[in-house]
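Structural overview for review
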Amino acid sequence: MVKVITYGTFDLFHEGHYRLLRRAKDLGDYLIVGVTTEKYDMERGKLNVVDSLLTRIENVKKTGLADEIIIEEAPGQKVNDVKKYHIDIFTVGSDWVGAFDYMSDYCKVVYLDRTKNISSTMLREQNRRILKAGIIGTGRIANRFIPEVKRVSGVSPQGVYNPRKNSAEAFAERWEINVYDNLEAFYKDVDVVYVASPHQTHYEYIKSALEHGKHVLSEKPMVLKRKQAEELFAYAKERKCILFEGIKTAYCPGFEKLLGIACSGMIGNIRYVDACFTKLENEDKRELNDLEYGGSLTELGSYCLLPVIKLFGCQYEDVRFDVIHGENGLDLFTKVSLTYPKGIATVTCGLGVKSEGRLLIAGTKGYIVAEAPWWKTTYFEVHYEDPSHVDKYSERFLGDGLRYEIKDFISMINGNDKSGFKLTRSESIAMAEVMEKFLVVENRNKY
Ligand code: C2G
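Procedures and definitions
- Residues numbered from 1 in each chain as written.
- Predicted model: local features only at pLDDT ≥ 70, side-chain atom pairs only at ≥ 80, totals over all residues.
- Heavy atoms only, no water.
- Pairing = 2+ DSSP bridges.
- Helix = DSSP H or I, 4+ residues; strand = E, 2+ residues; numbered from the N terminus.
- Axes fitted to C-alpha atoms, helices over the stretch in contact; angles between N-to-C directions.
- Contact = heavy atoms within 4.5 Å.
- Near = heavy atom within 4 Å.
- Polar contact = N/O pair within 3.5 Å; in protein donor to acceptor, adjacent residues only side chain to side chain.
- Areas by Shrake-Rupley, 256 points an atom, 1.4 Å probe, with all protein chains shown as cover.
- Nonpolar A, V, L, I, M, F, W, Y, C, P; charged D, E, K, R; others polar.
- Domains from an automatic or database assignment.
- Buried area = accessible area lost by both parts, 1.4 Å probe.
- Salt bridge = Lys/Arg side-chain N within 4 Å of Asp/Glu carboxyl O.
- Buried < 20%, exposed > 50% of the residue type's maximum accessible area, 1.4 Å probe, protein only.
- Core = buried A, V, L, I, M, F, W, Y, C linked by side-chain atoms within 4.5 Å.
- Right-handed = clockwise from strand over helix to strand, strands pointing away.
- Phe/Tyr/Trp six-rings, centres within 6.5 Å; stacked < 30°, edge-to-face > 60°.
- Lys NZ or Arg CZ within 6 Å of the ring centre and 35° of its normal.

**Section: the sheet that holds strand S13 (residues 318-325)**
- Read across the open sheet, the 8 strands follow the order S13-S14-S15-S12-S16-S17-S18-S19; overall the sheet is mixed. In the strand order of this sheet, the two ends are held by S13 and strand S19 (390-394), each with one partner. Strand-to-strand twist in this sheet, taken as the mean axis angle between neighbours without regard to direction, amounts to 10°.
- Sheet topology note: the strand S18 (residues 379-384)/S19 ladder contains 5 bridges and is antiparallel. When the sheet's bridge partners are listed, His-383 is paired in S19 with Val-390.
- Contacting strand S12 (270-278), strand S16 (359-363), strand S17 (366-370), S18 and S19, helix H12 (residues 253-262) crosses the sheet at an angle of about 15° to S18.

**Structural notes on the site of the ligand**
- For the ligand, the set of nearby residues contains 20 residues, the closest of which are Phe-10, Lys-46, Glu-72, Asp-95 and Trp-96.
- Trp-96 places a side-chain nitrogen or oxygen 2.8 Å from an oxygen atom of the ligand.
- For the ligand, whose unbound accessible area comes to 610 Å², protein coverage reaches 94%.
- Among the secondary structure elements, those contributing two or more residues to the shell around the ligand are strand S1 (3-8), helix H1 (15-26) and strand S4 (89-93).
- When the residues that make up the shell around the ligand are grouped by side-chain class, the tally is 7 nonpolar, 7 polar and 6 charged.

**Observations regarding the side chain of Gln-77**
- Within the element layout of this structure, Gln-77 appears in helix H4 (residues 77-84).
- Within polar-contact distance, the side chain of Gln-77 engages the backbone oxygen of Ile-71 at 2.9 Å.
- The contact partners of Gln-77, leaving out residues within four places of it in the chain, are Ile-70, Ile-71 and Glu-72.

**Some words on the domain arrangement of the protein**
- If you check the domain split of the protein, you get domain 1 (3-112), domain 2 (127-247) and domain 3 (250-397).
- Using only C-alpha atoms to locate each centre, domain 1 and domain 2 end up separated by 30 Å.
- Contact residues are listed per partner, giving 14 residues for domain 1 and 9 residues for domain 2.
- Between domain 1 and domain 2 lies a buried interface of about 980 Å² when both sides are counted; carbon and sulfur atoms form 48% of it.
- The tally of links between domain 1 and domain 2 comes to 0 salt bridges.
- Along the contact surface separating domain 1 from domain 2 lie 6 residue pairs in polar contact (both at pLDDT 80 or more).
- In terms of residue class, the side of domain 1 that touches domain 2 is built from 5 nonpolar, 4 polar and 5 charged.

**Here we look at H4**
- For H4, the complete set of buried residues consists of Gln-77, Lys-78, Val-79, Asp-81 and Val-82.
- The secondary structure elements touched by the buried residues of H4 are S1, helix H2 (38-43), strand S3 (68-72) and S4.
- Among the residues trailing H4, His-86 stands out with phi positive, at a value near 55°.

**Concerning the nonpolar core**
- Among the nonpolar cores identified, the biggest contains 83 residues, and Leu-338 and Ile-361 are the most heavily contacted of them.
- When residues in this core are grouped by element, the largest group, 10 residues, is from helix H13 (residues 296-312).
- Lining this core are residues from two domains, each supplying at least three of them: domain 2 (127-247) and domain 3 (250-397).
- Residues within four places of Ile-361 in sequence aside, it is in contact with Leu-258, Ala-262, Ile-267, Ile-270, Tyr-272, Val-273, Leu-311, Gly-366, Tyr-367 and Ile-368.
- Ranked by size, the runner-up nonpolar core spans 25 residues in total, among them Ile-206, Leu-210, Leu-232 and Ile-429.

**Observations concerning the pairing of strand S7 (residues 155-161)**
- Among the 7 residues that make up S7, 7 are buried, leaving the element largely enclosed by the rest of the structure.
- Sheet analysis places strand S6 (residues 131-136) next to S7, joined by 6 bridges and oriented parallel. Each residue of the ladder has a partner; that of Gly-134, found in S7, is Gly-159.
- Where S7 lies against strand S8 (residues 178-180), 3 bridges are found, and the strand directions are parallel. Across the sheet, residue Tyr-161 finds its bridge partner in S8, namely Tyr-180.
- As for the winding sense of the linkage, the β-α-β connection from S7 through helix H7 (residues 165-175) to S8 is right-handed.

**What about the environment of Asn-445?**
- Within the secondary structure, Asn-445 sits in the segment after helix H15 (425-441).
- Residue class for Asn-445 comes out partly exposed when judged on its relative accessible area of 37%.
- Through-space distance from the C-alpha of Asn-445 to that of Leu-224 is 9.2 Å; in sequence the pair is 221 residues apart.
- Each residue touching Asn-445, except ones within four places of it in the same chain, is listed here: Lys-225, Leu-439 and Val-440.

**Description of the packing of aromatic side chains**
- Going through the model one piece at a time under the given rule, you end up with 20 aromatic pairs.
- Measuring from centroid to centroid gives 3.5 Å for Phe-277 and Trp-375, while their planes differ by 10°, and the two rings are stacked. Residue Phe-277 is located in strand S12, and its partner Trp-375 is located in the loop between S17 and S18; the two are separated by 98 residues in the primary sequence. Taken individually, Phe-277 and Trp-375 each receive the classification buried, so the pair is uniform in this respect.
- Taken together, a centroid distance of 6.0 Å and an interplanar angle of 50° make the contact between Phe-397 and Tyr-404 tilted.
- By the ring-pair criterion, three or more aromatic residues cluster together here, those being Tyr-7, Phe-90, Trp-96, Phe-100 and Tyr-102.
- One residue, Lys-78, lies across the ring of Tyr-7, its end atom 5.0 Å from the ring centre.

Following this line, the structure appears as structure tokens:
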């Protein structure tokens, strides 16, 4: 008898799950299905799981394909299960290719093709709750988005659009999703749109997605002009769509904790915020070649402006830019100085100059410091006048961290707008305004 085992969360049970189980069963004579517990899903960074463990087990049972259902509750359990149940084949969907190769010391490992399109009349009632995501753009960040969106329940990557057909095809093949070279067909098939195209194209794509009644998650910087940000938010409201700027730091649990502590009075009244992010880039990269929209501030400024605007607000009194330019005129290193009625802030971004990359928040009783990469906040310290007194905080940041913003975006669409405070419309608008002022000073305001 050939014994097969597979695992999954099986939340909002859909056709992809059914087909996986069907093919797993066909690999042998006896199928064991491991269903993850809520606690284990939290631990492994699967967010937004909707159905209870009991419902998920019940749905697997209803397929009639599982000869036995077990519970997966800890990392490392799989190998023990393989030994315990004398398993011949371990199988899982192709989204996990490579991840379970280590199991081949214990049994055969089979990756089954992921189901591309989970819309199905059979499971329409269930599928209504799964939003289909379309991706515009195929660059580095879009490639990071897919593994992350798969970690959020209630949303499934559907397809990709890029006017450059070859790039779109390669991307779609890599991630086993549909490819579109026609925007109308793309919008027809998706519920939500992730805009990950070059900065200057965001405005048009966001506008057209909203026109088609789609919710939009846009990469940062959403736009580089105050008026455009205002217009798009107003339009989203009119169309009853969510428009969401994806600055991942704003949604990660560590940063949320840091802001909470900064505002709690522990360091007194906040008087100074200093945020720095530098990333050395090769000269041939887009960031250092796009003479209109490239450079350090448009690339990294959103991260650094975030803590400043979160802590001091949108109403700064003055903003000044000090810039080191490269030979082609782009900013390699930019310092933004902002003054507020009760505090001052500096934002430092570099693509051609390396600096420490720290976030410092100074108050009347103490200061908070988070070292690089503070934009993926996992650890920070609170210091006081007495140098021996240091409070230390840590928090998890899983994968590339996009899953947190995706989860909040999806909850907002589903009518739970409790996350709206993490990055408000006014804050997004204020950031677009700073970017615009910078581009004007730099004489690059043609867009
Ligand atoms: N799946 C699929 N097609 C889809 C969606 C999912 O074939 N469109 C597969 C997955 O690859 C997985 C199974 O269905 O093999 C269950 O998927 P999930 O419930 O999302 O579980 P997952 O997070 O993939 O957990 O320990 C758990 C395992 O690692 C798998």
